[in-house]
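Residues per chain are reported as follows:
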Amino acid sequence: RGDAEMEGSGDASRAVADWRLAVWTLCSVLLPVLITAWCSFQRSRRQLLIRDIFRKSKHDWHYTDLFGQPSYCCVCAQHILRGAFCGCCGLRVSERCLKKADQRFLCKEIMMRGTSGAPSSMPHHWIRGNVPLCSCCVVCKQQCGTQPKLCDYRCVWCQYTVHDECMVDCLRTEDCTFGEFKDLIIPPYYLSTINQMRKEKRTSYEKVVPYCRKHWMPVIVLANTRSGNNMGETLLGEFKMLLNPVQVFDLSKIAPAKALQLCTLLPCNAVRVLVCGGDGTVGWVLDAIDEMKIKGQERYIPQVAILPLGTGNDLSNTLGWGAGYAGEVPVEQILRNVMEADGIKLDRWKVQVTNKGYYNLRKPKVFTMNNYFSIGPDALMALNFHAHREKTPSLFSSRIINKAVYFFYGTKDCLVQECKDLNKKVELELDGERIKLPNLEGIIVLNIGYWGGGCRLWEGMGDEPYPLARHDDGLLEVVGVHGSFHCAQIQVKLANPVRLGQAHTVRLILKSSKMPMQVDGEPWAQGPCTVTITHKTHALMLYHSGEQTDDDASSLSE
């Protein structure tokens, strides 16, 4: 009996041990799952609260997992690695202090509120801490931001910086000068005065400061965040820091025609527009400017500068703004270049494509050309590239990848030669005179000096005395190419194009078959038709002469 009791107690203890093991095993499995679920719930809840603050705030908040320089929270003054920053005023704050910062600190005001009369000045707007590296105090001329803590002040308008110990009451109340870029900034007090005058139905803006100032040339920034190397988002924030945020527009959210209506509140013939994007974005903006002419707003037409973010950027290259921007030039220098640039004219052309047959019931297709029109291998490459990008747009986020895809299709065409015997399929007329064509695969009609991502096509190798191509003489340059391999040879200056002539009007008749065509990089497949290119209008552009290639320098000297 005693043995039986001992055996029973042993079974009971083993059962208890088994239950304990099962419970501990269950806890060891469930506890991490519960902790993970709780953390995930808290993270999503925190993200919802942050998103709600971002949505309701007057600040332009952005969240980052890692700041690019040593940063300190503007509320608790603690060192932070990640958190939120305002793209307009530059505030930096930790996640837990975001709500306090949003309530405590004012952002840049695009327009002064609650003012009586017509103010002509405004005080500094000081923000403490996180001053730019290598900035100097305006009082003692010594470097600011050298201490590893939240220290020193920066004005969000003039960008002046001051040490904590140099900050005196007079600096807090004195009028802001708007600093180096005062001639480009639209002051908030100007917009508040104009708004009051519009309510009173007065349009005599000439006496409003700084409208009456001689050298005021306000700039409007239009950035396409989807262009080329996806730098548009970063540039938007940097321009908002230096200018009035009302001057900076994201073209993925607002159309150029609507953004350019700001010109009607500014001095006539003084506004400058900086287009951040590729040649297609520039064409989009120039079309919107043409609409202003139709509306009778011709005296408000701005001059256009370019910050090249696209793949080819031939128009930008022609006007001296470079073949591509990758962040190597500070935004401050870009604004200086815009201030110093000279005004020139750019020819714009009407391209009318009339299909054959259909008893002429179809309406002709009409395009506006700034750069070039082509039929043949380069249009085929553009068509293949465009079709590939439409299928997988996420792959085409880099300028290098885009050019590599162009190279692939160009190499493929060298082997296949889809556009051969073009001279048998088309007729070409220059100013009404029929041109006898040699054996060609492509014809290119040029308005500007550069083509194909940086090649001076009309000049070729430069070993023959041909007149230089101009973009403001009302003339088009027409050349032929023997194929994709010939295009590649021209680009590396190993061959010359087949120069067919210059003309004021170009007429091209496609007699049979379907051929690829393009206007300024917009390709399509076209059946039998008649293409007529005539002068349409002039665009007011800005030419930057600071950076020239060897070709540009030799052209100017000639």
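Residues numbered from 1 in each chain as written. Predicted model: local features only at pLDDT ≥ 70, side-chain atom pairs only at ≥ 80, totals over all residues. Heavy atoms only, no water.

As named in an unreviewed UniProt entry, the protein chain is Diacylglycerol kinase, taken from Ptilorrhoa leucosticta. Annotation of the protein chain in UniProt includes, under Sequence similarities (unreviewed entry), the sentence "Belongs to the eukaryotic diacylglycerol kinase family." (UniProt positions renumbered as here; feature names shortened; annotations may be inferred.)

1. A look at the overall build of the protein chain
Secondary structure assignment for the protein chain yields 13 helices and 26 strands. Per-residue burial over the protein chain gives 49% buried out of 558 residues. Relative to all contacts within the protein chain whose residues are 6 or more apart in sequence, the contacts with residues 24 or more apart total 69%. Accessible surface computed for the protein chain: about 28,600 Å², of which carbon and sulfur atoms make up 55%. (Helix = DSSP H or I, 4+ residues; strand = E, 2+ residues; numbered from the N terminus. Buried < 20%, exposed > 50% of the residue type's maximum accessible area, 1.4 Å probe, protein only. Contact = heavy atoms within 4.5 Å. Areas by Shrake-Rupley, 256 points an atom, 1.4 Å probe, with all protein chains shown as cover.)

2. Let's talk about the state of the cysteines
Overall, the coordinates contain 0 disulfides when judged by the stated rule. Not part of a disulfide, Cys176 finds its nearest cysteine sulfur in Cys158, a span of 3.8 Å. The exposure class of Cys176 is buried, given its relative accessible area of 8%. (Disulfide = S-S within 2.5 Å.)

3. Re the sheet that holds strand β8 (residues 161-162)
Sheet architecture is open: 3 strands sit in the order β6-β7-β8, paired in antiparallel fashion. Only two strands of the sheet have a single neighbouring strand rather than two, namely β6 (126-128) and β8. In the sheet, β6 pairs with strand β7 (residues 153-155) via 3 bridges, with the strands oriented antiparallel. Bridge pairing links Trp126 to Cys155 in β7. (Pairing = 2+ DSSP bridges.)

4. Observations regarding the UniProt feature "transmembrane region" (unreviewed entry) in the protein chain
Sites flagged by UniProt as "transmembrane region" (unreviewed entry) map to residues 21-41. The span residues 21-41 shows a helical share of 100% and a strand share of 0%, and its end C-alpha atoms are spaced 30 Å apart.

5. Focus on the pattern of salt bridges
Scanning the model with the defined rule gives 14 salt bridges in all. In this structure, Lys536 and Asp290 form a salt bridge, with 3.9 Å as the shortest nitrogen-oxygen distance. Residue Lys536 is found in strand β26 (residues 529-543), and its partner Asp290 is found in helix α7 (residues 279-294); the two are separated by 246 residues along the sequence. Of the residues examined, Lys536 reaches a relative accessible area of 41% and is grouped as partly exposed. Take Asp290: its relative accessible area is 11%, and that puts it in the buried class. When salt bridges that share partners are traced, they join Asp287, Asp290, Lys293, Arg348 and Lys536 into one network. (Salt bridge = Lys/Arg side-chain N within 4 Å of Asp/Glu carboxyl O.)

6. Considering the packing of aromatic side chains
Taken as a whole and judged by the stated rule, the model has 4 aromatic pairs. For the ring pair Trp157 and Phe178, a centre distance of 5.7 Å and an interplane angle of 75 degrees mean the geometry is edge-to-face. With Trp157 in the loop between β7 and β8 and Phe178 in the loop between α3 (169-173) and α4 (188-199), this residue pair connects regions lying 21 residues apart in the sequence. Judged by relative accessible area, Trp157 falls into the buried class, the value being 1%. The class for Phe178 is buried, based on a relative accessible area of 6%. An angle of 70 degrees between the planes, with centres 5.1 Å apart, marks the rings of Tyr190 and Trp216 as edge-to-face. (Phe/Tyr/Trp six-rings, centres within 6.5 Å; stacked < 30°, edge-to-face > 60°.)

7. Regarding the side chain of Asn313
Within the secondary structure, Asn313 sits in the loop between β12 (303-308) and α8 (314-318). Overall, the relative accessible area of 2% leaves Asn313 in the buried class. In terms of polar contacts, Asn313 uses its side chain to reach the backbone carbonyl oxygen of Ala323, at 2.9 Å. (Polar contact = N/O pair within 3.5 Å; in protein donor to acceptor, adjacent residues only side chain to side chain.)

8. Remarks on unusual backbone geometry
Although it is not a glycine, Asp421 adopts a positive phi angle of roughly 60 degrees. Residue Asp421 is classed as partly exposed on the basis of its relative accessible area, which comes to 30%. A positive phi angle is found at Ser513, which is not glycine, with a value near 65 degrees. Along the chain, Ser513 falls in the loop between β23 (506-510) and β24 (515-519). Looking at Ser513, the relative accessible area reads 37%, which means it is partly exposed.

9. A word on the pairing of strand β13 (residues 342-355)
Of the strand pairs in this sheet, β13 and β26 are connected by 14 bridges, and their pairing is antiparallel. Looking at the pairing, Ile344 lines up with Met541 of β26. Direction of pairing for β13 relative to strand β14 (residues 365-369): antiparallel, over a ladder of 5 bridges. Its bridge partner being in β14, Val353 is matched across the sheet by Lys365.

10. Observations concerning a nonpolar patch on the surface
A contiguous nonpolar patch, built from Leu26, Leu30 and Leu34 and spanning about 290 Å² of accessible area, is present on the exposed surface. By secondary structure assignment, the location of Leu34 is in helix α1 (residues 2-56). On the basis of relative accessible area, Leu34 is assigned to the exposed category, the value being 56%. (Patch = residues over 30% accessible without salt bridge, like charges linked within 9 Å, V, L, I, M, F, W, Y side chains within 5 Å.)

11. Looking at helix α5 (residues 232-242)
Buried within α5 we find Gly232, Leu235, Leu236, Phe239, Lys240 and Leu242. Taken down its axis, α5 places every buried residue within 160 degrees of arc, on the same side. Contact partners of the buried residues in α5: β9 (219-223), β10 (248-250), β11 (272-277), β12 and α9 (331-340). (Arc of directions from axis to C-beta.)

12. Overview of the nonpolar core
Counting residues in each nonpolar core, the largest one holds 104 residues, and the members touching the most others are Val93 and Phe239. Here this core takes 6 residues from α7, the largest share from any one element. Aside from chain neighbours lying at most four places away, what touches Val93 is Trp61, Cys73, Cys74, Val75, Ile80, Gly83, Ala84, Leu98 and Ala101. Among the nonpolar cores identified, the runner-up in size contains 31 residues, and Leu380, Leu440, Ala503 and Val519 belong to it. (Core = buried A, V, L, I, M, F, W, Y, C linked by side-chain atoms within 4.5 Å.)

13. Thoughts on the packing of α5 against α9
Interhelical geometry of α5 versus α9 gives an angle of 70 degrees and a closest axis separation of 10 Å. When the axes of α5 and α9 are compared, the pair comes out roughly perpendicular. Read as a crossing pair, α5 and α9 show a hand that is right-handed. Touching Leu235, Glu238, Phe239 and Leu242 of α5 are Val331, Glu332, Ile334 and Leu335, all from α9. Counted by class, the contact of α5 with α9 contains 6 nonpolar, no polar and 2 charged residues. (Axes fitted to C-alpha atoms, helices over the stretch in contact; angles between N-to-C directions. Parallel < 35°, antiparallel > 145°, perpendicular 65-115°, else oblique. Left-handed = near helix turned anticlockwise from the far one by under 90°. Nonpolar A, V, L, I, M, F, W, Y, C, P; charged D, E, K, R; others polar.)

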